[in-house]
Amino acid sequence: MKIALIDLKTEYLLIKKEIDRAIKQVIENVSFAGGEILDSFESNFAKLCGVKYGIGVSSGSAALDLSLIALAIGKGDEVITTPNTFIATTEAITHAGASIVFADCDRETYNITPDEIEKRITKKTKAIIPVHLFGHPCDMDAIMEIAKKNSLKVIEDCAQAHGALYKGKPVGSFGDCGCFSFYPSKNLGAYGHAGMVVTNNENLATKIRLLSNHGRFTRYDYEIEGYNYRIDTIQAAILGAKLKHLADWNKKRRDHASRYNDLLKDTEVITPITRDYVEPVYHLYVIRVKQRDKLSEFLRSNGISTGIHYPIPLHLQPAYKYLGHTRGNFPIAEELTDTVLSIPMFPLLRNEEIDYVVEKIKEFYKTSTLSF
Ligand SMILES: *Cc1c(COP(=O)(O)O)cnc(C)c1O
């Protein structure tokens, strides 16, 4: 058997008609930027997030960049986030001119912990960027309380958590804004790059829309200098077609996760924890294991693709050497880095495939114990 970590091809074949129709319509309209198709996707996605405004942008990274700039975060400000994330989260802080401050994460949910955030707050702290990693929401009540107490902005990085709920409320609706990525492999993925900022704040929505389109509302009246960070209408059309399947696909991911959880019970493998107040969306299914690299190699030799999210925490990356961190500064993030393994997870994963992955994991530990 050959099993991919994420299988986009099978998914496309299943919804080929809807996707092809959506693309064809944009081409026939010759309306590639803006237009009704985009407006309707923006409002439908905002609705899913339980907020009033959605601004389509060119990527999740652009969504983060524009959010910080629009919230006037800049020189002299500190922004607290997790070292256990993709670099786009921290790049946005640097792009805005502010300073990155890391806070360690939780061993079980892999997410930034409120206690660690609180410890890092100084007079200069201006904002927090919680990342709902792998589709499991952060503890938003506690984070929002810290933010309120210290007058901090909150920018949710929702790039891996489309449709995830915290105490029944969608991620992206807690902070000042939520930033989504529609990178092809995300739970809602474009066929190229795209992203969105969602917010209930009308002024912020206006500012972000302005910044994303050269600071203009009309063709040649520039209110401010901005960027060309607009979303392609063709991507919005594809995303609009796929949005109808998101709830079902997220449910399938949860079903797969619960099958993995059951089958991996009583093994050497530590399966991901779900706090009882969240409904996660399993962007990835991340286990913690002994002899991680050997296991990954064994699975690969049996046709099973795996991933490591993430192999080096951000505070130990060459790009952040200037921050002066060393091993031991964020012990949980470092421990995760050394032990996590992402195993196949996508909506159309079949039960036989899950069973095969688990069988091979068990086989690995049986033989590797024997060899000691
Ligand atoms: C994917 C991702 C991003 C960036 O999104 P792009 O659309 O690739 O720019 C940001 N943050 C996290 C946590 C991500 O996983």
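Let me sum up the structure you'll find in this document. (Residues numbered from 1 in each chain as written. Predicted model: local features only at pLDDT ≥ 70, side-chain atom pairs only at ≥ 80, totals over all residues. Heavy atoms only, no water.)

1. Focus on the packing of aromatic side chains
Per the counting criterion, the structure on display carries 16 aromatic pairs. When the centroid spacing of 5.3 Å and the interplanar angle of 70 degrees are considered together, the rings of Tyr 110 and Phe 134 count as edge-to-face. One end of the pair, Tyr 110, is in the loop between strand E3 (99-102) and helix H5 (114-119); the other, Phe 134, is in the loop between strand E4 (125-129) and helix H6 (140-149), and 24 residues separate them in sequence. Summarising the aromatic geometry, the rings of Phe 298 and Phe 364 are spaced 5.6 Å apart at their centres and angled 45 degrees between planes, so their arrangement reads as tilted. Linking Phe 298 in helix H9 (residues 292-301) with Phe 364 in helix H11 (residues 351-370), this pair joins segments that are 66 residues apart in sequence. Judged by its relative accessible area of 19%, Phe 298 falls in the buried class. Through pairs of rings, three or more aromatic residues link up here, namely Phe 41, Phe 45, Phe 180 and Phe 182. The ring of Tyr 277 is capped by Lys 167, whose NZ or CZ atom sits 5.5 Å from the centre of that ring. Positioned over the ring face of Phe 174 is Lys 169, at 4.5 Å from the centre of the ring. (Phe/Tyr/Trp six-rings, centres within 6.5 Å; stacked < 30°, edge-to-face > 60°. Helix = DSSP H or I, 4+ residues; strand = E, 2+ residues; numbered from the N terminus. Buried < 20%, exposed > 50% of the residue type's maximum accessible area, 1.4 Å probe, protein only. Lys NZ or Arg CZ within 6 Å of the ring centre and 35° of its normal.)

2. Brief notes about the environment of Gln 317
By secondary structure assignment, the location of Gln 317 is in the loop between H9 and helix H10 (331-339). The class for Gln 317 is partly exposed, based on a relative accessible area of 24%.

3. Quick word on the site of the ligand
Taken together, 16 residues lie near the ligand, and Gly 60, Ser 61, Asp 157, Ser 181 and Lys 186 sit nearest. Gln 160 is positioned with one of its side-chain polar atoms (N or O) 2.8 Å from an oxygen atom of the ligand. One of the side-chain nitrogen or oxygen atoms of Ser 181 is found 2.6 Å away from an oxygen atom of the ligand. In isolation the ligand offers 380 Å² of accessible surface; the protein chains occlude 92% of this area. Going through the elements one at a time, helix H3 (60-70) and helix H4 (88-96) are the ones with two or more residues in the shell around the ligand. Counting residues per element, the shell around the ligand draws most heavily on H3, at three residues. Here the shell around the ligand is built from residues that sort into seven nonpolar, seven polar and two charged. (Near = heavy atom within 4 Å. Polar contact = N/O pair within 3.5 Å; in protein donor to acceptor, adjacent residues only side chain to side chain. Areas by Shrake-Rupley, 256 points an atom, 1.4 Å probe, with all protein chains shown as cover. Nonpolar A, V, L, I, M, F, W, Y, C, P; charged D, E, K, R; others polar.)

4. Digging into the pattern of salt bridges
In a structure, side chains of opposite charge can pair up when their charged atoms sit close to one another. For the structure on display, the rule yields 24 salt bridges. A salt bridge links Lys 251 to Asp 255; the shortest N-O distance between them is 2.9 Å. Here Asp 255 and Lys 251 lie together in helix H8 (residues 233-264), a separation of four residues that amounts to about one turn. Classification of Lys 251 as partly exposed rests on a relative accessible area of 45%. Judged by relative accessible area, which is 37%, Asp 255 ranks as partly exposed. When the shortest N-O distance is used, the salt bridge between Asp 355 and Arg 259 registers 2.9 Å. One end of the pair, Asp 355, is in helix H11; the other, Arg 259, is in helix H8, with 96 residues separating them in the sequence. Here Asp 355 falls in the partly exposed class, since its relative accessible area comes to 28%. Look at the salt bridges and you will find they share partners, linking Asp 106, Glu 108 and Arg 275 into a network. (Salt bridge = Lys/Arg side-chain N within 4 Å of Asp/Glu carboxyl O.)

5. Description of the nonpolar core
For soluble globular proteins, nonpolar side chains are generally found buried alongside one another. Residues Leu 68, Ile 73, Val 79 and Ile 155 are the most contacted members of the largest nonpolar core, which totals 43 residues. Those elements giving two or more residues to this core turn out to be strand E1 (53-57), H3, H4, E3, E4, strand E8 (177-181), helix H7 (202-212) and H10. Both domains that meet at this core, namely domain 1 (8-103 + 111-243) and domain 2 (246-365), each give it at least three residues. In contact with Ile 73, not counting residues within four places along its chain, are Leu 68, Val 79, Ala 96, Ala 98, Lys 126, Ala 127 and Ile 155. Judged by nonpolar contacts, the second largest core, of 25 residues, contains Val 269, Leu 299, Phe 346 and Tyr 356. (Core = buried A, V, L, I, M, F, W, Y, C linked by side-chain atoms within 4.5 Å. Domains from an automatic or database assignment. Contact = heavy atoms within 4.5 Å.)

6. A short note on the packing of helix H2 (residues 36-48) against H8
How two helices sit against one another is set out by the angle between their axes and by the gap between those axes. Closest axis-to-axis distance for the H2/H8 pair is 9 Å, and the angle between their directions is 40 degrees. In the packing of H2 onto H8, the handedness of the crossing is left-handed. Packed against H2, whose contacting residues are Ile 37, Leu 38, Phe 41, Asn 44, Phe 45 and Leu 48, the element H8 presents Thr 233, Ala 236, Ala 237, Leu 239, Gly 240, Leu 243 and Leu 246 at the interface. (Axes fitted to C-alpha atoms, helices over the stretch in contact; angles between N-to-C directions. Left-handed = near helix turned anticlockwise from the far one by under 90°.)

7. As for unusual backbone geometry
The omega torsion across His 309 and Tyr 310 is 10 degrees, close enough to zero to call that bond cis. Residue placement: Tyr 310 occurs in the loop between H9 and H10. With phi around 70 degrees, Tyr 110 is a residue other than glycine that occupies positive phi space. A residue is classified by how much of its surface remains accessible, and Tyr 110, at 4% relative accessible area, is buried. Even without being glycine, His 214 reaches a positive phi, approximately 55 degrees. Along the chain, His 214 turns up in the loop between H7 and H8.

8. As for the sheet that holds E8
The seven strands are arranged E1-E9-E8-E5-E4-E2-E3 in an open sheet whose pairing can be described as mixed. Each edge of the open sheet carries a strand with a single partner, namely E1 and E3. Taken pair by pair, the neighbouring strands of this sheet meet at an average axis angle of 25 degrees, ignoring direction. Where strand E2 (residues 78-81) lies against E4, four bridges are found, and the strand directions are parallel. Bridge pairing links Glu 78 to Thr 125 in E4. Packing against the sheet, H4 makes contact with E2, E3, E4 and strand E5 (153-157), and its axis sits at approximately 140 degrees to E3. Sheet strands in contact with H7 are E1, E8 and strand E9 (195-199), and its direction is about 15 degrees off that of E1. (Pairing = 2+ DSSP bridges.)

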